[in-house]
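Listed below are the residues making up each chain.
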There are 6 protein chains.
Amino acid sequence: DRLFFSATHEEIKKGATTDIYFIKTMEILKYMGLENTDVVAEVFPRKAGIMCGVEEVLSLLKDKNVEIYALPEGERFSPKETVMRIKGPYGEFGIFETALLGILAQSSGWATAARECREAAGDKVMICFGARHVHPAVAPVMERAAVIGGASNASCILAAKLLNRQPSGTVPHAAMLIAGDTVSVAKAYHEIMPPDSPRIILVDTFKDEAEESLAVAEALGKALEGIRLDTPSERGGVTRELVYEVRKRLDQKGYNYVKIFVSGGLTPERIRELSEAGADAFGVGSYISGASPIDMTMDIKVVEGRPVAKRGRIPGIIENPRLKKIK
Amino acid sequence: DRLFFSATHEEIKKGATTDIYFIKTMEILKYMGLENTDVVAEVFPRKAGIMCGVEEVLSLLKDKNVEIYALPEGERFSPKETVMRIKGPYGEFGIFETALLGILAQSSGWATAARECREAAGDKVMICFGARHVHPAVAPVMERAAVIGGASNASCILAAKLLNRQPSGTVPHAAMLIAGDTVSVAKAYHEIMPPDSPRIILVDTFKDEAEESLAVAEALGKALEGIRLDTPSERGGVTRELVYEVRKRLDQKGYNYVKIFVSGGLTPERIRELSEAGADAFGVGSYISGASPIDMTMDIKVVEGRPVAKRGRIPGIIENPRLKKIK
Amino acid sequence: DRLFFSATHEEIKKGATTDIYFIKTMEILKYMGLENTDVVAEVFPRKAGIMCGVEEVLSLLKDKNVEIYALPEGERFSPKETVMRIKGPYGEFGIFETALLGILAQSSGWATAARECREAAGDKVMICFGARHVHPAVAPVMERAAVIGGASNASCILAAKLLNRQPSGTVPHAAMLIAGDTVSVAKAYHEIMPPDSPRIILVDTFKDEAEESLAVAEALGKALEGIRLDTPSERGGVTRELVYEVRKRLDQKGYNYVKIFVSGGLTPERIRELSEAGADAFGVGSYISGASPIDMTMDIKVVEGRPVAKRGRIPGIIENPRLKKIK
Amino acid sequence: DRLFFSATHEEIKKGATTDIYFIKTMEILKYMGLENTDVVAEVFPRKAGIMCGVEEVLSLLKDKNVEIYALPEGERFSPKETVMRIKGPYGEFGIFETALLGILAQSSGWATAARECREAAGDKVMICFGARHVHPAVAPVMERAAVIGGASNASCILAAKLLNRQPSGTVPHAAMLIAGDTVSVAKAYHEIMPPDSPRIILVDTFKDEAEESLAVAEALGKALEGIRLDTPSERGGVTRELVYEVRKRLDQKGYNYVKIFVSGGLTPERIRELSEAGADAFGVGSYISGASPIDMTMDIKVVEGRPVAKRGRIPGIIENPRLKKIK
Amino acid sequence: DRLFFSATHEEIKKGATTDIYFIKTMEILKYMGLENTDVVAEVFPRKAGIMCGVEEVLSLLKDKNVEIYALPEGERFSPKETVMRIKGPYGEFGIFETALLGILAQSSGWATAARECREAAGDKVMICFGARHVHPAVAPVMERAAVIGGASNASCILAAKLLNRQPSGTVPHAAMLIAGDTVSVAKAYHEIMPPDSPRIILVDTFKDEAEESLAVAEALGKALEGIRLDTPSERGGVTRELVYEVRKRLDQKGYNYVKIFVSGGLTPERIRELSEAGADAFGVGSYISGASPIDMTMDIKVVEGRPVAKRGRIPGIIENPRLKKIK
Amino acid sequence: DRLFFSATHEEIKKGATTDIYFIKTMEILKYMGLENTDVVAEVFPRKAGIMCGVEEVLSLLKDKNVEIYALPEGERFSPKETVMRIKGPYGEFGIFETALLGILAQSSGWATAARECREAAGDKVMICFGARHVHPAVAPVMERAAVIGGASNASCILAAKLLNRQPSGTVPHAAMLIAGDTVSVAKAYHEIMPPDSPRIILVDTFKDEAEESLAVAEALGKALEGIRLDTPSERGGVTRELVYEVRKRLDQKGYNYVKIFVSGGLTPERIRELSEAGADAFGVGSYISGASPIDMTMDIKVVEGRPVAKRGRIPGIIENPRLKKIK
Ligand SMILES: [Zn+2]
Ligand SMILES: [Zn+2]
Ligand SMILES: [Zn+2]
Ligand SMILES: [Zn+2]
Ligand SMILES: [Zn+2]
Ligand SMILES: [Zn+2]
Ligand SMILES: [Zn+2]
Ligand SMILES: [Zn+2]
Ligand SMILES: [Zn+2]
Ligand SMILES: [Zn+2]
Ligand SMILES: [Zn+2]
Ligand SMILES: [Zn+2]
């Protein structure tokens, strides 16, 4: 009995996620004796963004008789720039068009949003907290794309493992709510975590953020790495003024080594604002994980050596010296 | 060797896609002797939408010692309405928060967009063509959500199988480009397809749409179910006037039984316009598959019988008579 | 030695606040033998509003040989409606034009703003807290105008005395800051105030508003009339969600008799929002006291029985059956 | 029997215009034995502007045991800049908070508006004609603030006296309406005024402004200092074109020494326009006198040497080297 | 030697104003033996409007072997409605397409603007004063179209003659400027005009409009039909307030029989405003004469009995029961 | 019997298109003995533009006893700049004011619009195709004004003749519709036209523009000068992408010598866009011919040597060194 509706690696590999019309296309072409027509296909995006997903495309086609040229992951592309070119018999790769475009479109969408956050955060820590907004089957795909785009780290376990890293994260409101108190959770956390695991404590659960920040700082002393502000929108969210005030109040009590980590509805614009106000690190959720895919189109541009194109497109390949041969 | 970065069903089931901080929370609670604290948690959305993902959540928690209440899939929810309630020892489900919220957030986002298209299309056929914009691992999840939201059918093979249906779709530009001609592909298609498979032919590849529509109608006669207009944006896209003109020109030649299927950048507003102008069926891509997840939040509201809440939320459960006990 | 730059009652009465050109006018008219020309002058406003200031105008002219007709205080006027008419020798009142228009313009501006707040507050308590935005010389004039416009009460001592009332108000942040704690101030307040003085305690000085509300309610029990929310803009101000949450948390602990009083940047629109969210009373500051005067113009319309007017105005009086003879 | 509702100097001085809650605060603090707590309070504005009112604040507190530091009158302040600091036992000045803030808020509002007009007028004459829009009790306060902000002079008698000047002004429409003619009033004015009093005649009462300007110029010859254009809004107000035309027509007849004084609904923008078109002097009314107060806040920042602050503010004083010790 | 560049009636009639490409078309069709192909052509507008120009089209084609069906002049048409249909050998009318469309486009544009003014003016007099904005060759065409659209009369001599009317108009500023005075011109006008010619005098040349209106009324007594307000934009134009005031001042002196005629930059919106304020008649210039032509298109829809159309249009005639056979 | 409502040259010359009030003015002035008053009149425009119509004004007044100074045709004027000055007895030219202003207003309006198109087109060909939007009587006036403004050529026969040129133009949709095919018309055109007449063929009548362009290029070979794109708005109009694609497809087949001529709703902005995309020539219709006249005003500024002016204007002439004496 199937647990989830997500496709397994094997289903993807054998083409089960293909749109039916590519299957029909193959049947017709076979009937017309054209299934092994030699073609060149090109992929282009509709908008500017950051390239991501190439490694998975290579897995998808690795045992097929095709040449593949692609823009490297992490590079910036322009609208309508050729980002991938595939040469070979159409029958070798035709049915993978749906999967291939989906991989590139969604990963590039996530990587692009992460890049915008990175540019806003400058050299400061910026972590992807977006796993809770996407299906768990793609959570690690999304977090990997975020890291390629510029996130400092991933927070979900599997993504971190795929990236050969330790995942980032502290404790959520749930711990405080069950324990009934922030300071006792902070102390327990400090007690049991390995020494190299940073002590960052969430301070907005029950009490005023400034009050709780000082209480936690007093309880953990020099061991405290930072506090996290995640004020809910119902209470005005995390504002510039709140960050500035907490910074000042910590400094006045001698806790100038305590970092301020912020989260909750962050966007590049809010990252800039809060960074200026004194925030040291950022946890970004839906801005990255809810980013729309960047629509990708695959066009057949050469058929048996002849340039072709449908109406609206230019026949023949469109040169791009930035493409690398990857297969 | 791993083919793709997407999580397998087993990885999801055992919590590998969980944010690390839920793991840490469990460690702390154990240290404090609180891991089996009896709690009630509630999930609420930030925006209005259509509920989807409940069946997968049930799979996720089916062998856990918890009670679950949920809004049925396909029902409309309001902002901040309680859509799911889980009762039981926190240790039974705490680490699944990330996966559970991700399942609901993304599926509900897709179902909600599909519902908007359904309302625009009225009783006409409206198919999801969006698989090419998402990672293949979630393509069937997305298409199933679209059907729950109101799409007439799915186009990817696996999604159709999971829904116990035949997938929808005809042939793409690729077939015409390789064959070099639309009419010969149409004839081949007619030749080899089973009688109950509808003949719908794409007519904008090489020639004027009106000209090609008439040529295809002449070639296939009464066998032709419909033509598909998918004019690229570079040529002005599919407009009201184009649909109206093709309809009139088909009718004037006696082809009033030929349906007009439209696709390409459709939105609810464009569906309404083109439907008025005479379109009979709609293929919707990125409007559904690129829909943003609907942010879901899980709050612990009762701890050992006591109402609790973090700042900004109301302590205790929020009644909702529309919830059904599903476990 | 003069303490303040504000005019004394005697200075006003003898015309010392008159624009110099009215003095010059009298000199010229005397020189031309026209100082006792019989005239009718009319006053009209430029915008719609609420009439206020008539009683002071009567004081100004009470020993002059003129007839005065005026719209009663508290009534609504339209743009260009005649709100006052003065008949008599020009020499009797000419030099008081500046003072008379100033009295009407500013009091009507304040009364009009208060009326808008009253309409937003419905039957709930709405107090003017605006004295701190105007010069103390006019603070009681302003608060009286606010009460005529619809405020439930005044907060400055002199205004209340002139209106034969007890002024409204509790204690400001200063008391808590000096005492270092909200609950001890609340207890002292309860200790020393006469029984009929309502116990309303400000709860946002040091701690989270919900936390402090419950602490104060516990400390004062049934004696507590209400709490006041005045969250500063740096912390997001008083929001709908905050009012709703504090209401719910008070109710859950059995303090449903405790009223919620709100203040801080209130406008008619915010009064409506917060009232819907559960606020019981409103303290309005700059919306009333910072209201612009309503420009008033006095025109001579009849000279020795002949209708006259400058360019742009209609010669002769403009009838208004709502005017009452007041002198 | 009281003539007006405005507070007398004595009432202000003894605290009668204080909000009741400061009185209650003192009672509570006394009860708690804290009335002589040593504090530092700071005042800051919400918006940028021009400082005004310091001299009256000094009068208010001159016999109290406090130190006062303030930004000098006429200087520009920024939002949230410390503009005044008071040190001493809270009991010495606490009840004067309402009056002190009101003095600063309203005077600074007026001075700020006057400064904007000054900047628009450059080196040309700009007089405050706004007394008719405010209560006569504050008319001299307002005109003094306008002069501090940059007005060339005041028009009300008492304000001029307080500033040791001669008030500015000519004759209003009333004189012409009573006399029935502009030229005869102009001649009478010339006859009786001392030689050093400038002859500026209002020319829009009965006839076309250009026609009347020439008639008045002919009647008074070299004695005419200027004409005043005050065309009512019903006749299109004073426009650039009107000023330009009157200037040209005066010049063509040899009256190039006659100045053009304009008034009626002037704003900084209109001052700039009309100045370019040839206007030589400006009478500004409601833009100055109807300016909203600039909200001022007083915070206790130090209590017995300890930095304190309510939520949203930073504990301790905020240094400002521009403050001068004034007491 | 030619005086003007405008085409004579004979030049138009023989096709000299035809676009050269229609001439070339005829040559090619002759060469292909197709010049007498039987066709049906239809004319449609791009926007809604009022039909005008039919009579001239009939003149253009009256000796050609064609049938013509047209919407009657003065009727309202919708966008894309068939407003004219021509049947016959293409050679009979092909070269007249340019002239025919130009006649309809421009006359309908003018008639449509006049209709809007008529609707704004209700039953009041509304005259076209627009001849000064168009080339004299088309001034009578424009004024005739205005009358068909709804103008009460024309002001140019030739237009009036073609319409069998007396032209409307009084005297312009030039007469007053030369005579140096308005009243003396008014008297001379009254002296020499035939009794049935209405006495309407322009009153804004030298003096205030209200003053001059009364002077003219006094001079002409019962003989005065009306005064005309045409205040230039430099003096604020004719405003609602000016019309209202002049009306009141005339009435107060017993001249309630004197009409108020307004002109100068009138639009439908201003006609409505001024009509409400008391204006009795309107002289409209550039709103009518500067109206853009309504783009008309002629399509060949039937060729030798077969429906045809270029891309974007529907083959065959588009029925319209409102067409009348006119030839 | 009169064929058209347009005025003949003789009617214009003898004043028949004059507004009746100029005739009345002459009668009054004669009655007052003022008809030969010596005056100077000046004409000024309300907006900036390009001067046109001077030659016709000269024809209008050539046998009158006046001096005329004018800005040369084709020069740019500013708002309110003096563009023409006439000196002489008023009786010599007074009645021609209507005609003179109409000539200048409309021709300058057309020339101004053409200049904007010229600036957008740079050095490329830009032809006026606007005759079909104006009455045939003024079609040659309009096309001449367009050429003065900057159009490369005229398309109507008479205009070209007046300008001593060959008119521009190819064949319209009508020829293709009658012949039933584009290529055969292209061939016939090539057959019969003189060798120096450029072969430019319209390609959007029946088929896809790119397809038809290639078919025509193949049929005519090196003889083909260009193709014309005139895609109707119902099919998205001529877009940047269409021009770019047709250019590329022509080049790929070796037809890089074939020019792309565009038409249909062109504006300066669209000319810029399409020029960038590769268009070589532009046919502009309603943007030029539907341009509003530029309102011109004639003021009498000197009467018998005395500067005069109506209210709102400056008495006396306004110098302009750019005027040339033309009579
Ligand atoms: Zn939080
Ligand atoms: Zn989130
Ligand atoms: Zn397509
Ligand atoms: Zn798509
Ligand atoms: Zn507060
Ligand atoms: Zn305030
Ligand atoms: Zn005035
Ligand atoms: Zn004023
Ligand atoms: Zn005029
Ligand atoms: Zn005009
Ligand atoms: Zn076309
Ligand atoms: Zn056109």
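One can find the structure itself at the top, above this paragraph.
Residues numbered from 1 in each chain as written. Chains lettered and ligands numbered in written order. Predicted model: local features only at pLDDT ≥ 70, side-chain atom pairs only at ≥ 80, totals over all residues. Heavy atoms only, no water.

The number of helices and strands found in chain A is 13 helices and 14 strands. The dimensions of chain A, computed from C-alpha atoms along their principal axes, are 80 × 45 × 35 Å. With 327 residues in all, chain A has 66% of them scored as buried. Of all intrachain contacts in chain A linking residues separated by at least 6 positions in sequence, the fraction that spans at least 24 positions is 69%. Summed over its atoms, the accessible surface of chain A is roughly 11000 Å², and 49% of this surface lies on carbon and sulfur atoms. (Helix = DSSP H or I, 4+ residues; strand = E, 2+ residues; numbered from the N terminus. Buried < 20%, exposed > 50% of the residue type's maximum accessible area, 1.4 Å probe, protein only. Contact = heavy atoms within 4.5 Å. Areas by Shrake-Rupley, 256 points an atom, 1.4 Å probe, with all protein chains shown as cover.)

Turning to the coordination of the zinc ion (ligand 5), a few remarks are in order. All names here are of chain C. Taken together, His 173 (NE2), Asp 204 (OD) and Asp 230 (OD) make up the full set of protein donors to the zinc ion (ligand 5), lying 2.0 to 2.6 Å away. In primary-sequence terms, the residues that donate to the zinc ion (ligand 5) follow H-x30-D-x25-D. Here Asp 204, found in the loop between strand S8 (200-202) and helix H10 (209-220), pairs with Asp 230, found in the loop between strand S9 (226-229) and helix H11 (240-252); they are 26 residues apart in sequence, far enough to count as distant. Here Asp 204 matches Asp 230 in class, with each residue buried. (Donors = N, O, S within 2.8 Å, 3.2 Å for Na, K, Ca; no water.)

Turning our eyes to something else, we now look at the relation of the copies chain B and chain E. By a simple turn and slide, chain B fits onto chain E: the slide is 0.1 Å along the axis, the RMSD is 0.1 Å, and the turn is 120°. Viewed as a symmetry operation, the transformation between the two copies matches a three-fold axis. Within chain B, the C-alpha atom positioned nearest to the axis of rotation is that of Glu 269 of chain B, 19 Å from it. (Least-squares fit on C-alpha atoms with pLDDT ≥ 70 in both.)

For the rest of this paragraph, the subject is the interface of chain B and chain A. With 107 residues of chain B at the contact, the number on the chain A side is 107 residues. Of the roughly 10000 Å² buried between chain B and chain A, counting both surfaces, carbon and sulfur atoms make up 65%. Counting every contact that joins chain B to chain A gives 10 salt bridges. Measuring nitrogen to oxygen at the nearest pair gives 3.2 Å for the salt bridge that ties Glu 97 of chain A to Arg 132 of chain B. Along the contact surface separating chain B from chain A lie 47 residue pairs in polar contact (both at pLDDT 80 or more). When residues of the side of chain B that touches chain A are assigned to their parent elements, the largest contribution, 10 residues, is made by helix H2 (residues 20-31) of chain B. A per-class count over the side of chain B that touches chain A returns 54 nonpolar, 27 polar and 26 charged. (Buried area = accessible area lost by both parts, 1.4 Å probe. Salt bridge = Lys/Arg side-chain N within 4 Å of Asp/Glu carboxyl O. Polar contact = N/O pair within 3.5 Å; in protein donor to acceptor, adjacent residues only side chain to side chain. Nonpolar A, V, L, I, M, F, W, Y, C, P; charged D, E, K, R; others polar.)

With that out of the way, let us pick up the coordination of the zinc ion (ligand 3). The coordination sphere of the zinc ion (ligand 3), as far as protein atoms go, consists of His 173 of chain B (NE2), Asp 204 of chain B (OD) and Asp 230 of chain B (OD), spread over 1.9 to 2.5 Å. The sequence pattern formed by the donor residues of the zinc ion (ligand 3) is H-x30-D-x25-D.

Aligned on chain A, chain B shows an RMSD of 0.1 Å; the corresponding rotation is 180° and the shift along the axis is 0.0 Å. Look at the turn and shift together and you get a two-fold axis relating the two.

So, on to the sheet that holds strand S8 (residues 226-229) of chain D. Residues and elements named next belong to chain D. Taken together, 5 strands build an open sheet; the order of strands is S6-S10-S9-S8-S7 and the sheet is parallel. A strand with exactly one partner marks an edge of an open sheet, and here the two such strands are strand S6 (125-128) and strand S7 (200-202). Taken over all neighbouring pairs, the strand axes of this sheet differ in orientation by 25° on average, direction set aside. Of the strand pairs in this sheet, S7 and S8 are connected by 3 bridges, and their pairing is parallel. The partner of Ile 200 across the bridge, within S8, is Gly 226. Strands S6 and strand S10 (281-284) of the sheet are contacted by helix H5 (residues 97-121), whose axis makes an angle of about 155° with S6. (Pairing = 2+ DSSP bridges. Axes fitted to C-alpha atoms, helices over the stretch in contact; angles between N-to-C directions.)

All names here are of chain B. The 6 strands lie next to each other as S12-S11-S1-S5-S3-S13, forming an open sheet whose pairing is antiparallel. Here the strands that pair on one side only, and so sit at the sheet edges, are strand S12 (306-307) and strand S13 (324-325). Inspection of the sheet shows strand S1 (residues 38-45) paired to strand S11 (residues 296-303) by 7 bridges, in the antiparallel sense. Bridge pairing in S11 places Val 39 opposite Val 303. In the packing of helix H5 (residues 97-121) onto the sheet, contacts are made with S1, strand S5 (84-89) and S11, and the angle to S11 comes to roughly 135°.

Before going further, it helps to spend a moment on the packing of helix H10 (residues 209-220) of chain D against helix H11 (residues 240-252) of chain D. Residues and elements named next belong to chain D. Where H10 meets H11, the axes come as close as 10 Å, and the angle between the chain directions of the two elements is 35°. Of the two elements, H10 crosses H11, and the hand of that crossing is right-handed. Together, Glu 209, Ala 210, Ser 213, Leu 214 and Ala 217 of H10 and Leu 242, Glu 245, Val 246, Arg 249 and Leu 250 of H11 make up the contact between the two elements. Along the lines of polarity and charge, the residues of the contact of H10 with H11 split into 6 nonpolar, 1 polar and 3 charged. (Left-handed = near helix turned anticlockwise from the far one by under 90°.)

Let us now look at unusual backbone geometry. A positive phi angle, near 70°, is found at Lys 80 of chain C, a position not held by glycine. Looking at the secondary structure, you find Lys 80 of chain C in the loop between strand S4 (76-77) and strand S5 (84-89).

So, on to the pattern of salt bridges. Opposite charge on two side chains allows them to pair when their charged atoms are near. Under the definition given, this model contains 143 salt bridges over all chains. Of the charged contacts, one joins Lys 13 of chain C and Asp 63 of chain C as a salt bridge, the two residues approaching to 3.4 Å between their closest N and O atoms. With Lys 13 of chain C in helix H1 (residues 9-13) and Asp 63 of chain C in the loop between helix H3 (54-61) and strand S3 (67-70), the pair connects residues that are 50 residues apart, well separated along the chain. Because the salt bridges share partners, they merge into one network encompassing Asp 208, Glu 209, Arg 235, Glu 245 and Arg 249 of chain A, Arg 311 of chain B, Asp 208, Glu 209, Arg 235, Glu 245 and Arg 249 of chain C together with Arg 311 of chain D.

Moving on: H5 of chain D. Residues and elements named next belong to chain D. Here H5 spans 36 Å end to end across 25 residues, near enough to the 36 Å set by a 1.5 Å rise per residue. Of all 25 residues in H5, 23 are buried; the element is thus mostly enclosed. Where H5 terminates, the next one or two residues include Gly 122, which has phi positive at roughly 60°. (Expected span 1.5 Å × (residues − 1).)

Across the contact, 6 residues belong to chain B and 7 residues belong to chain E. Among the residues chain B hides against chain E, the three largest losses belong to Glu 245, Arg 249 and Gln 252 of chain B. Together they make up 66% of the total. Inspection of the region where chain B meets chain E yields 1 salt bridge. For the interface between chain B and chain E, the tally reads 6 residue pairs in polar contact (both at pLDDT 80 or more).

Our next topic: the nonpolar core. Core analysis: the biggest nonpolar cluster contains 233 residues, and Leu 100 of chain C together with Leu 100 of chain D have the highest contact counts within it. The residues touching Leu 100 of chain C, leaving out its near neighbours within four places in the chain, are Val 43, Val 57, Leu 60, Leu 61, Met 84, Ile 86 and Met 298 of chain C. Counting 232 residues, the second largest nonpolar core, distinct from the first, contains Ile 68 and Ala 154 of chain A together with Ala 113 and Leu 224 of chain B. (Core = buried A, V, L, I, M, F, W, Y, C linked by side-chain atoms within 4.5 Å.)

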